[in-house]
Amino acid sequence: DILNYQCIQTFTDKTEYKPEDRLTCMAFDEEGPALVLCSSLINVLPVSVKVETSRTHLAPIVGALHNDVFHQIISGDNMGTI
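Residues numbered from 1 in each chain as written. Predicted model: local features only at pLDDT ≥ 70, side-chain atom pairs only at ≥ 80, totals over all residues. Heavy atoms only, no water.

A. Quick look at the environment of T24. Here T24 is to be found in the segment before β1 (25–29). T24 sits in the exposed class, given a relative accessible area of 61%. In this structure the C-alpha to C-alpha distance between T24 and S40, which are 16 residues apart in sequence, comes to 8.6 Å. Ignoring any residue separated from it by four or fewer positions in sequence, one finds T24 in contact with C38 and S39. (Helix = DSSP H or I, 4+ residues; strand = E, 2+ residues; numbered from the N terminus. Buried < 20%, exposed > 50% of the residue type's maximum accessible area, 1.4 Å probe, protein only. Contact = heavy atoms within 4.5 Å.)

Here's what the structure looks like:
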């Protein structure tokens, strides 16, 4: 959430990167679909989880966009929640 600086989604990569356990780059591969994580190694995390939720916005929705890759609607409200 860029308005309130709150994390609304987290993923975990259990790979230990040497010499520093730090990611230097991340990209999304639409053909996979997958997240490509880079450090001293390249790690590909396939995106295959579908999440069903009934969560809605607490504030009025000000915009919506269809994501062709994930076949989902992304919406944003006037409080900054995506």
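Moving on, there is more to tell.
B. Highlighting a nonpolar patch on the surface. Residues L65, I74 and I82 make up a contiguous nonpolar surface patch of roughly 290 Å² in combined accessible area. In this structure, I74 sits in strand β5 (residues 72–77). (Patch = residues over 30% accessible without salt bridge, like charges linked within 9 Å, V, L, I, M, F, W, Y side chains within 5 Å. Areas by Shrake-Rupley, 256 points an atom, 1.4 Å probe, with all protein chains shown as cover. Salt bridge = Lys/Arg side-chain N within 4 Å of Asp/Glu carboxyl O.)

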